[in-house]
Amino acid sequence: MEIIYYKVICYFLIYISLGMLFFLPFVNILKTGPGFHKLITLICIICNVSMIFITKKFINTNFSFEPYEYLIAGLTILCIWFIYYIEKASPKLSKILVYVLSFSSMVTGLVVILAFKIYFKTYFLNSSSYLLVSTLYFSNVIFSMILGHYYLVVPKLSEKPLLNLHWVLWVLLIIKILYFAYSISTFNIDLNIASLFDMIMISMRVLWGFLAIFVLSIISYRLSRMRSIQSATGVMYVSTFFVLTSELIALYYFVNKSWML
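A. Structural context of the packing of aromatic side chains. Scanning the model with the defined rule gives 15 aromatic pairs in all. Measuring from centroid to centroid gives 6.0 Å for Phe23 and Phe143, while their planes differ by 40°, and the two rings are tilted. Of this pair, Phe23 sits in the loop between helix 1 (2-22) and helix 2 (29-32) while Phe143 is found in helix 6 (residues 127-150), placing the two residues 120 residues apart along the sequence.

B. Summary view of a nonpolar patch on the surface. Nonpolar side chains collect at one region of the surface, where Leu207, Leu211, Phe214, Val215, Ile218 and Ile219 lie side by side and expose about 500 Å² of accessible area between them. Structurally, Ile219 is set in helix 8 (residues 196-225). Take Ile219: its relative accessible area is 39%, and that puts it in the partly exposed class.

C. Here's a closer look at the side chain of Ser220. Among the secondary structure elements, Ser220 is positioned in helix 8. Judged by its relative accessible area of 1%, Ser220 falls in the buried class. Within the structure, the side chain of Ser220 is placed 2.6 Å from the side chain of His166, a separation counted as a polar contact. Within the structure, Ser220 has its side chain in polar contact with the backbone oxygen of Ser217 (distance 3.0 Å). Among all residues touching Ser220, those that are not within four sequence positions of it are His166, Ala232, Val235 and Met236.

D. Highlighting helix 8. Compared with an ideal rise of 1.5 Å per residue, which puts 30 residues at 44 Å, helix 8 spans 42 Å between its outermost C-alpha atoms and is within 8% of the ideal. Approximately 35° is the largest bend angle found in helix 8, and it occurs at Ala212. Residue Arg227 follows helix 8 closely and has a positive phi angle near 65°.

Here is what the cut-offs are and how they apply
Residues numbered from 1 in each chain as written. Predicted model: local features only at pLDDT ≥ 70, side-chain atom pairs only at ≥ 80, totals over all residues. Heavy atoms only, no water. Phe/Tyr/Trp six-rings, centres within 6.5 Å; stacked < 30°, edge-to-face > 60°. Helix = DSSP H or I, 4+ residues; strand = E, 2+ residues; numbered from the N terminus. Patch = residues over 30% accessible without salt bridge, like charges linked within 9 Å, V, L, I, M, F, W, Y side chains within 5 Å. Areas by Shrake-Rupley, 256 points an atom, 1.4 Å probe, with all protein chains shown as cover. Salt bridge = Lys/Arg side-chain N within 4 Å of Asp/Glu carboxyl O. Buried < 20%, exposed > 50% of the residue type's maximum accessible area, 1.4 Å probe, protein only. Polar contact = N/O pair within 3.5 Å; in protein donor to acceptor, adjacent residues only side chain to side chain. Contact = heavy atoms within 4.5 Å. Expected span 1.5 Å × (residues − 1). Bend = angle between axes of the 7 residues up to and from the residue.

As structure tokens, this is what we get:
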């Protein structure tokens, strides 16, 4: 049972790292300056290093690295180089580097998720696509919350990036709900005879991970359109708590029972 928790943490760290790198191009580096992109990249470096440490310490304790670990290590080195070089790059080159980093995270995410599926023996129809959507869903909320804070640094920044992130969130939310319905129907999860613990967890997943996020995202979207960014960021703080809790629940059931909640 203990190793399941380590696997959940590894998935969770991958959610944060690869997902937030993917959303970097949503924010124009020429308008924010390199500070925001360096902050996101630094967070991703910390997550990648922590994931590799936990994997080597508690899951794959062999001295040799798995291929997906080399890939994450390579992406981490690229992130370190990005932080060092972005200040020196020309405006045109800096935009290209942001897209390169985002594309690299997407490729890494696809390979790593497939490797996790094989190595952690989570053989399950469409599980790779489920993990990819979950990665983007969770990191979207975290990325938006951090971006909301950055408006204090660059108050003239357009609200368009935040609004676009909300639209992406709603699309991902619909897909997540469809996966939930698919998992319930395909695996014949009988909620009437489920344990009390399972009922509480599934209820929290639905109410916090779907309903609460949807309602809060509408509020933050309207506040963002009104340029009340600080208020929108406060709402996204609450969204972060709900998505963090609900996705940890979903990850636990995915690793333990292969349910795509």
